[in-house]
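Reading the structure
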Amino acid sequence: MKAKTLFEKIWDSHAVYSIEDGPEVLYIDQHYIHEVTSPQAFKGLDDRGIKVFRPKRTLATADHNIPTKDQHLTIKEELSRLQVEKLTENCKKHKINLFGLNHKKNGIVHVIGPELGFTRPGMTIVCGDSHTSTHGAFGTIAFGIGTSEVEMVLATQCLLQTKPKTMRINVNGDLKKGVTSKDIIMYIIAKLTSGGATGYFVEYAGTAIEKLSMEARMTICNMSIEMGARGGLIAPDKITFAYLKKRIGKLTDKEWESQLRKWKKLKSDPGVKFDKEIKIQASDINPMITFGTNPGMAITVTGNIPLSGGLEDKKDESFLKSLNYMGFKPGDKLAGRKVDYVFLGSCTNGRIEDFREFASLVKGRKKASNITALLVPGSKLVEEQVKREGLLEILNDAGFELRQPGCSSCLAMNEDKIPAGKYAVSTSNRNFEGRQGPGARTLLASPLTAAAAAITGKITDPSEFIN
Amino acid sequence: MPKEKINKLESTCVPLPIENIDTDQIIPARFLTATTREGFGENLFRDWRYNKDGSANKSFILNNKAFSGKVLIAGKNFGCGSSREHAVWAIYDYGFRVVISSFFADIFKNNSLNNGLLPIILPEDLVLNLIQAVQNDPGVKVKINLEEQKIELPGSRKAYQFEINKYKKDCMINGFNDIDYLLNIKNKIIGFEEKKGIT
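Sequence positions are assigned chain by chain, starting from 1 and proceeding in written order. As a convention, the first chain written is A and the first ligand written is 1, with the rest following in written order. Only residues with pLDDT of at least 70 get local features here, since the model is predicted, and only at 80 or more are side-chain atom pairs given and counted; chain-wide, interface and lining totals rely on the full set of residues. To get the side-chain values, take all heavy atoms of the structure and skip hydrogens and water.

1. Things to note about the sheet that holds strand S7 (residues 160-161) of chain B
The strands making up a sheet associate through hydrogen bonds between their backbones, and the pairing can be parallel or antiparallel. All names here are of chain B. Just so we agree on the cut-off: Note on pairing: two strands pair once DSSP finds at least 2 bridges between them. What counts as a helix is a DSSP run of H or I of at least four residues, what counts as a strand is a run of E of at least two, and both are numbered from the N terminus.
Spatial strand order, S4-S3-S2-S1-S5-S6-S7: seven strands in an open sheet with mixed pairing. Whereas interior strands pair on both sides, the edge strands pair on one side only; in this sheet they are strand S4 (118-121) and S7. With four bridges connecting them, strand S3 (residues 98-101) and S4 associate as parallel partners. Bridging from a neighbouring strand, Ser-101 pairs with Ile-121 of S4.

Here is the structure:
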C-alpha cells in the first residue's frame, strides 16, 4: 500500500465523492457554530425551506461579541444582543445543542470543543472561524470556512473542497527557559511569512512538539492560519489520549480500548513524502514579539526591527506603512518600550495552562501602574479552574482582575477595545491594523511575555524572571 | 444577496497596491453584527476610507473620483486572516465583481467563488505593471472572458490565460451554488454514512 501522510489518511476516509476536474465532497464529522458567522446560513436554509441535516453533529456557542463583565445582564449593544438571540432561536428551531451565554459550559468555540471532549482524533471539523485549525492538535483535519459553507454543512454535512498540498514542520530538541509553544509558532510564522503556507495543510512533528501538553499543541495549531495554511495537525499520542480519557464520559473500558486502537493508527507512514518539509531546532527559538501589522512581522523580544521588509526594495512600501501605524522605525529596539495594555486570553492563549504561566510570573509581584490588564478566560470551565487552583488569589494579590469568558479584545467586537494609539501586549493571534479597536497597536506575544510586560510596564524578556 | 452570473466583463480598475490586506481591513469586526448579507459595502475598507471623525479620507483610492470600475487590483496575499465571508459581501456590495492579485488567501478565495466574485491570479510582475498602467491612466480597461479564462491587459495585445477550477468556473458562469450540487447528491451522502456506520 502507498505510504500516506496523516492528513491524507483522514481526508481519504472522509471523501464521499470526487467531481471530475473539480473539488471533492468531504464529509464533516463535527461542526461548530457561533453567533457571528451563522445567522445568514440559517436564513439560507429557511429560504430554501430545508432543515439541518444532522443536528447532532453541530455544537453552538456564543463567544465573539459577548461582554466579559456582568454577563448575567442584558447585552447592551443592540445588534450584538440580536445576534445572540438569533443564535438561540436558530438552535432551538433546528434542535442544535447550544452552550450559550451564561450556560455553565459556555466559552470560546475552540476552547470548549476540546475541553468537553467533542473534538476527537481522526475527525473532520469545521467552523465559520479561521482559528478552527486549533482542533488539529488532536490529529484532526480542522479548518475555517465561510458562511456559505456553514450553510452547506448544516444542509448536507458535507463541503466541496480541493485537496491542499502537505507540509511537515519538524521541531526537534529542547526549548530554552521562558520559551513557550506560542514562541515556537511565532518563530515559524516569522520564518515562513504570513502567506508562506498558503495552499498547504501542515503537520507539526519532532521531539519538541511531542513533549508539549495538549494546551500548548492547540496554541501551535491555532496559529497555522496566520501563515496562510489551510490547517495544522499533530499526530495523537499518549498525551492526547490521557487528555481525552478525562473528558469523554459514557464509554465502557471496551469501547475506550476500541477507540484507542483506531486512534493509534493515526500517524504519517514512515518514509512518506510531503510536498514540503522544514526542520527547526528548538534551541534556536527565543521569546518572540510582533512589531508590525501581520503575525509574520515578529522578532525576538530582545531583538531589533529589521531595516527593511525584504530583499527587494518594492516591498518596503507595505513594510513602512505598517511601521508607521505602529509608531516604530526600522532598526528600533522594542525591549524597554512602555506599553499601556496587556491582554491574556483568546482561542490561542485562553486556556488553564496560559493562566498558570501568567500567574507563575506575576506571583508575589505587582502590576505596573501604567498597565490596564484584561485577563479573559477562554471558557466557564477555565474560569472555574482558575478559581479552584488558587490562581485567582495570586492574580488578585498582584493587582489583576479576572473577567468572564469570551473572544473579547482579540477582535474587539464587544466593549473590550484598546484605545487608538495605545500599545497592547496581547496573547491573541492577530496584530492587524485596528484588530483590537480602531487605531490600537497590538504586540503579539506569549502569556509569559505578557506577564513580564504587565509587571514592568514595558516590553520585557520573560526569561529575566525565570530561574 | 442575488448572485449575478459572470462571464464577460470589460471595466476600468481600482488599484490598491498594498500587500497582505487582511479581512479586518476589508470589513472591521465591529461591523459584523448584522444578521443579513446586505449593506456591508458602505463599510468596505472602513478605517482606511474614513477619518476618525467620519469624514472621507481623501488620500484613499476609493475616495478618488478618478478611479472606479468593477475590478479591484490588490497586492499579494489578499484576504488573509479571518474567515468572515462578510469581507466578500462588502467587496461585492460595493460593486466590484473581480479582484486581481498575485496571491489570495485560501478561505477568502473560496468565499469569493461562492459569491460570484471572481478572483484572478496573475504573476506578480503583471499585477505591478497593471497597477502602474491604471495609475498612469485611470481610463484604461481590462477585458475578461471567464469561459476562455482570458484577461486582456492594457498595452498588451496578447491575452493572458488565468487558472480556475473547471467546476467553479461552470458554477460562476451559470450562477450555480455548491449547496445546490450537494443537495442533489444527498443519496450519495446517506450511502456514505451507512457504509461508515455513522448517522
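2. Some words on the pattern of salt bridges
Basically, it comes down to this: Between Lys or Arg on one side and Asp or Glu on the other, a salt bridge is scored when a side-chain nitrogen of the former is within 4 Å of a carboxyl oxygen of the latter. Burial status follows relative accessibility: with a 1.4 Å probe on protein chains alone, a residue under 20% of its type maximum counts as buried, one over 50% as exposed, and anything between as partly exposed.
Scanning the model with the defined rule gives 30 salt bridges over all chains in all. For the salt bridge of Asp-29 of chain A with Arg-57 of chain A, the shortest nitrogen-to-oxygen distance reads 3.9 Å. Within this pair, whereas Asp-29 of chain A is found in the loop between strand S2 (24-27) and strand S3 (30-34), its partner Arg-57 of chain A is found in the loop between helix H2 (39-48) and strand S4 (58-61), the two being separated by 28 residues in sequence. Summarising the burial analysis for this pair, Asp-29 of chain A and Arg-57 of chain A share the class buried. For Arg-30 of chain B, the salt bridge is made with Asp-47 of chain B, and the minimal N-O distance between the two is 2.6 Å. Linking Arg-30 of chain B in the loop between helix H1 (23-26) and helix H2 (46-49) with Asp-47 of chain B in helix H2, this pair joins segments that are 17 residues apart in sequence. The network of salt bridges with common partners includes Arg-48 and Glu-151 of chain A together with Arg-37, Glu-85 and Asp-180 of chain B.

3. Focus: the interface of chain A and chain B
Test applied: Contact definition: two residues touch when any of their heavy atoms are within 4.5 Å. Values labelled buried area give the accessible surface lost by two parts on being combined, using a 1.4 Å probe and summing over both. In the analysis that follows, any N or O atom pair within 3.5 Å is treated as a polar contact, provided that within protein one partner can donate a hydrogen and the other can accept it, and provided that, for residues neighboring in sequence, both atoms belong to side chains.
Each partner contributes residues to the interface: chain A has 63 residues there, and chain B has 57 residues. When chain A packs against chain B, the two sides together hide about 5100 Å² of surface, and 59% of this comes from carbon and sulfur. Counting across the chain A and chain B interface gives four salt bridges. One can count 24 residue pairs in polar contact (both at pLDDT 80 or more) joining chain A with chain B. Of all the secondary structure elements, the ones that give two or more residues to the side of chain A that touches chain B are helix H1 (6-14), strand S1 (15-18), S2, H2, helix H3 (78-93), helix H5 (147-156), strand S8 (158-161) and helix H11 (316-326) of chain A. The dominant element in the side of chain A that touches chain B, judged by the number of residues it contributes, is H5 of chain A, at seven residues.

4. Focus: the nonpolar core
This is how it is decided: Side-chain atoms within 4.5 Å are what join buried Ala, Val, Leu, Ile, Met, Phe, Trp, Tyr and Cys residues into a set we call a nonpolar core. The source of the domain bounds is an automatic or database domain assignment.
In this structure, Phe-358 of chain A together with Phe-45, Phe-78, Ile-100, Leu-118 and Ile-144 of chain B are the most contacted members of the largest nonpolar core, which totals 106 residues. The element that contributes the greatest number of residues to this core is helix H16 (residues 447-456) of chain A, accounting for seven residues. Residue-level mapping places this core at the junction of two domains, with at least three residues from each of domain 1 (1-284) and domain 2 (288-465) of chain A. Counting 90 residues, the second largest nonpolar core, distinct from the first, contains Ala-62, Cys-91 and Val-171 of chain A together with Ile-185 of chain B.

All quantities given are derived from atomic positions and should not be read as evidence of function.
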